[in-house]
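Geometric and topological summary
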Amino acid sequence: MHPMLNTAVKAARRAGQIINRASQNLDSLTIKHKSFNDFVSEVDQKAEDAIKEVLLEAYPKHAILAEESGAQGDSEFQWIIDPLDGTTNFLHGFPQYAVSIAMQHKGVLTHAVIYDPSRNDLFTASRGAGAFLNDRRLRVSRCEYLKDALIGTGFPFRDFTHLDAYLGIFRELMQKTAGLRRPGSAALDLAYTAAGRFDGFWEFDLKAWDIAAGALMVQEAGGLVGDFQGEPDYLQSGNIVAGNPKVFVQLLQTIAPHLAAKAK
C-alpha cells in the first residue's frame with residue numbers, strides 16, 4: 001500500500017472510532033443547521049479534526065479541502081475530506097454513512113479511502129493500482145442493459161433549482177431500470193458502484209468532498225465517471241454520472257434530454 005494511502009486509512013479509521021462511539025449516544029449530540037436541510041454535528045467536526053491531525057502529522061506541507069473547515073494551505077498535494085458523508089442518516093441512527101478521503105496531486109486524483117464504520121468496510125484505491133474492499137479486488141458490474149440495472153441516486157435536499165429535471169430523469173429511469181435506490185451517502189453510492197452493487201449512479205449539485213474518493217474508486221474498478229456530458233468536470237460542477245462502461249453511456253443518453261441549459 002502506498003504510504004499516502006496507508007496514512008489516509010489510518011485517518012479514516014481514527015474518524016470511524018469517533019463516529020462509532022457517538023452513534024451510541026445520538027440524543028446527547030449538539031447539532032447545528034448549516035443551511036436548509038443541511039446539518040452538522042459535533043461528531044462531523046471532531047472526526048474532521050482527527051483526520052486532519054493524522055494527515056498533517058505525516059504531511060505537514062500538504063493542503064486540505066474539508067467539508068467543515070474549508071480550504072487550508074497551498075500545495076500541489078491536496079487532501080479532500082468529508083469526515084461524515086451521510087450526516088442526516090447518522091443522526092437518525094440509519095447505518096448508511098462513511099468517511100471519505102481523497103488525495104489530489106496537481107489536480108489529478110491519486111488515492112482514495114471510503115470507510116463505512118458501522119460495517120467496518122474499508123474501500124481503497126490508488127491510481128493505476130486498482131480498487132479494493134477489505135483487500136479484495138473490486139470490479140464494476142457486467143450489466144449490459146439499463147433494463148437490468150440497479151441505479152443509485154441522491155434526492156435534491158438543499159437546492160431545488162433542478163428539481164423538475166431531476167424528477168423527469170427519475171420518472172424515466174423508474175420505467176427503464178430494474179430499480180432505483182437513494183441510500184443517502186454519495187461516497188458509499190460510488191463505492192457500491194465500484195463494487196458492482198450498483199450498476200450506475202447519478203446526482204446533481206454535489207461537492208468535491210462528496211465524490212472525489214468515490215470517483216477514483218469507480219475508475220480503478222474499471223468504470224467510467226463524468227459530468228452530464230461525460231466530461232471530466234464533475235468535481236467542479238458537482239453533477240456526476242458513474243457506472244460500468246455500458247450503463248454509463250445509457251445513463252448519459254437518458255439524462256441529456258431532461259437537462260435545462262444551466263443544469264448542463
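One can find the structure itself at the top, above this paragraph.
Report on the accompanying structure. (Residues numbered from 1 in each chain as written. Predicted model: local features only at pLDDT ≥ 70, side-chain atom pairs only at ≥ 80, totals over all residues. Heavy atoms only, no water.)

1. A few points about the overall build of the protein chain
Secondary structure summary: the protein chain contains eight helices and 15 strands in total. Its C-alpha atoms give the protein chain a radius of gyration of 17 Å, within 12% of the compact-globule value 18 Å for 264 residues. C-alpha extents for the protein chain along the principal axes are approximately 50 × 40 × 35 Å. Within the protein chain, the proportion of its 264 residues that are buried is 57%. For the protein chain, the share of sequence-separated contacts (at least 6 apart) that also reach a separation of at least 24 residues comes to 63%. Accessible area of the protein chain: about 11700 Å², with a carbon and sulfur share of 49%. Across the protein chain, 27 positive and 31 negative side-chain charges occur, with their mean positions spaced 4 Å apart. (Helix = DSSP H or I, 4+ residues; strand = E, 2+ residues; numbered from the N terminus. Rg over C-alpha atoms; globule rule 2.2 N^0.38 Å. Buried < 20%, exposed > 50% of the residue type's maximum accessible area, 1.4 Å probe, protein only. Contact = heavy atoms within 4.5 Å. Areas by Shrake-Rupley, 256 points an atom, 1.4 Å probe, with all protein chains shown as cover. Lys, Arg positive; Asp, Glu negative; His and termini not counted. Charge placed at Lys NZ, Arg CZ, Asp CG, Glu CD.)

2. Re the packing of helix 4 (residues 163-176) against helix 8 (residues 245-255)
For the pair helix 4 and helix 8, the least separation of the axes is 10 Å and the interaxial angle reads 135°. In terms of orientation, helix 4 and helix 8 fall into the oblique class. Of the two elements, helix 4 crosses helix 8, and the hand of that crossing is right-handed. Residues Ile169, Glu172, Leu173 and Lys176 of helix 4 form the contact with helix 8, whose own contacting residues are Leu251, Thr254 and Ile255. (Axes fitted to C-alpha atoms, helices over the stretch in contact; angles between N-to-C directions. Parallel < 35°, antiparallel > 145°, perpendicular 65-115°, else oblique. Left-handed = near helix turned anticlockwise from the far one by under 90°.)

3. With respect to the pairing of strand 9 (residues 130-133)
In terms of strand pairing, strand 8 (residues 121-126) meets strand 9 through four bridges, oriented antiparallel. Residue pairing across strands places Phe123 opposite Leu133, the latter belonging to strand 9. Between the end of strand 8 and the start of strand 9, which pair antiparallel, lie three residues, with Gly128 showing a positive phi angle near 85°. Where strand 9 meets strand 10 (residues 136-137), two bridges bridge the pair, whose relative direction is antiparallel. Each bridged residue has a counterpart across the sheet, and for Phe132 the counterpart in strand 10 is Arg137. (Pairing = 2+ DSSP bridges.)

4. Focus: the environment of His105
Tracing the chain through its elements places His105 in strand 6 (residues 98-105). In this structure the C-alpha to C-alpha distance between His105 and Phe132, which are 27 residues apart in sequence, comes to 21 Å. Residue contacts for His105: discarding those within four places in its chain leaves Glu76, Phe77 and Thr110. A distance of 2.9 Å separates polar atoms of two side chains, one belonging to His105 and the other to Glu76. (Polar contact = N/O pair within 3.5 Å; in protein donor to acceptor, adjacent residues only side chain to side chain.)

5. Some remarks on the sheet that holds strand 12 (residues 179-181)
Read from one edge of the open sheet, five strands run 12-11-13-15-14, paired in mixed fashion. In this open sheet, the two edge strands, each paired with only one partner strand, are strand 12 and strand 14 (224-226). Direction aside, the axes of adjacent strands within the sheet are offset by 15° on average. Sheet topology note: the strand 11 (residues 150-153)/strand 12 ladder contains three bridges and is parallel. Note on strand 12: the bridge partner recorded for Leu150 is Gly179. Lying on the sheet, helix 4 is in contact with strand 11, strand 12 and strand 13 (200-203); it crosses strand 13 at an angle near 160°. Against the sheet, helix 5 (residues 186-194) contacts strand 11, strand 13 and strand 15 (240-243), and its axis sits at roughly 155° relative to strand 13.

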